[in-house]
Amino acid sequence: MATIDTLIDAAKIQERVAEMGREISKDYAGKEVVFIPVLKGSFIFAADLIRHIEGVTTSIDFLGLRSYGDGTETSGVVQITSDLTKSIEGKHVIIVEDIVDTGLTMEYLLDNMKTRQPATMKVASLLHKPARTRIKIDIDYLGFTIDDVFVIGYGLDYAQNYRNLPYLGVLNPDG
Ligand code: IMP
């Protein structure tokens, strides 16, 4: 039976996400920001992050993406399955992602969002796996840098499972 090794426990995640929220609050003090969580993986991170935003007029709009691949590997072919509900033209935008792995998904996303002419656009990602970088992405707010392992929990899935875990873990298929 598969077992799960804890990579980053819930308390450590909460501590780091609170710090990221404080950093964003400082950078955007008194401004208006549209947070754009990329579904599904970032829904828990985004929900925690925005609760640590203070002194910033905060709105949220979701983007649903499907990236084609074989379970643990993306192909870089990305489809928007659910688009934003409002224009972001002239707005300060922060894209909220669960993980930047090869960077292919984020590159597609940033190119797409740029055509919508936001005033500024930054990236907040909970995780980054630099060992797998194929396209370098500037991550403005980064939670944790991790090794080349496939992680689950805190919103991240394997075959749509495990998103509910309050911590980040690594799945061992053989136990
Ligand atoms: P990229 O295009 O290779 O950067 O992959 C980005 C997407 O692949 C993420 O938004 C995740 O949905 C998924 N992904 C990449 N690595 C992992 C992982 O370790 N666990 C779960 N999902 C992952």
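The coordinates are above.
This section reports on the structure supplied with the text. Every value quoted in this text rests on a predicted model; they were computed, and no experiment measured them.

### Quick notes on the overall build of the protein
1) Next: Scanning the protein for helices and strands turns up three helices and ten strands.
2) Next: Helices (α) and strands (β) of the protein occur, in sequence order from the N terminus, as β-α-β-α-β-β-β-β-α-β-β-β-β.
3) Next: Its C-alpha atoms give the protein a radius of gyration of 16 Å, near enough to 16 Å, the size a compact globule of 175 residues would have.
4) Next: Dimensions of the protein, computed from C-alpha atoms along their principal axes, come out at roughly 50 × 35 × 25 Å.
5) Next: Counting over 175 residues, the protein shows a buried share of 44%.
6) Next: Restricting to contacts in the protein with at least 6 residues of sequence separation, those with at least 24 account for 68%.

### Some remarks on the pattern of salt bridges
1) Next: Applying the stated rule across the entire model yields seven salt bridges.
2) Next: The salt bridge involving R132 is made with D101; its shortest N-O contact spans 2.6 Å. One end of the pair, R132, is in the loop between β7 (120-128) and β8 (141-145); the other, D101, is in the loop between β6 (92-100) and α3 (104-114), with 31 residues separating them in the sequence. Each of the two residues, R132 as well as D101, counts as buried.
3) Next: Residues K136 and D138 are paired through a salt bridge, measuring 3.2 Å at the closest nitrogen-oxygen approach. The pair formed by K136 and D138 is uniform in burial state, with each residue classed as exposed.
4) Next: A cluster of three or more residues bridged by salt bridges with shared partners is formed by D101, K129 and R132.

### Some details on the sheet that holds strand β10 (residues 168-172)
1) Next: Spatially, three strands are ordered β1-β10-β9 in an open sheet, and the strand pairing comes out antiparallel. In the strand order of this sheet, the two ends are held by β1 (3-8) and β9 (151-152), each with one partner.
2) Next: Direction of pairing for β9 relative to β10: antiparallel, over a ladder of two bridges. Within β10, the position partnered with V151 by the bridge is V170.

Rules of the game
Residues numbered from 1 in each chain as written. Predicted model: local features only at pLDDT ≥ 70, side-chain atom pairs only at ≥ 80, totals over all residues. Heavy atoms only, no water. Helix = DSSP H or I, 4+ residues; strand = E, 2+ residues; numbered from the N terminus. Rg over C-alpha atoms; globule rule 2.2 N^0.38 Å. Buried < 20%, exposed > 50% of the residue type's maximum accessible area, 1.4 Å probe, protein only. Contact = heavy atoms within 4.5 Å. Salt bridge = Lys/Arg side-chain N within 4 Å of Asp/Glu carboxyl O. Pairing = 2+ DSSP bridges.

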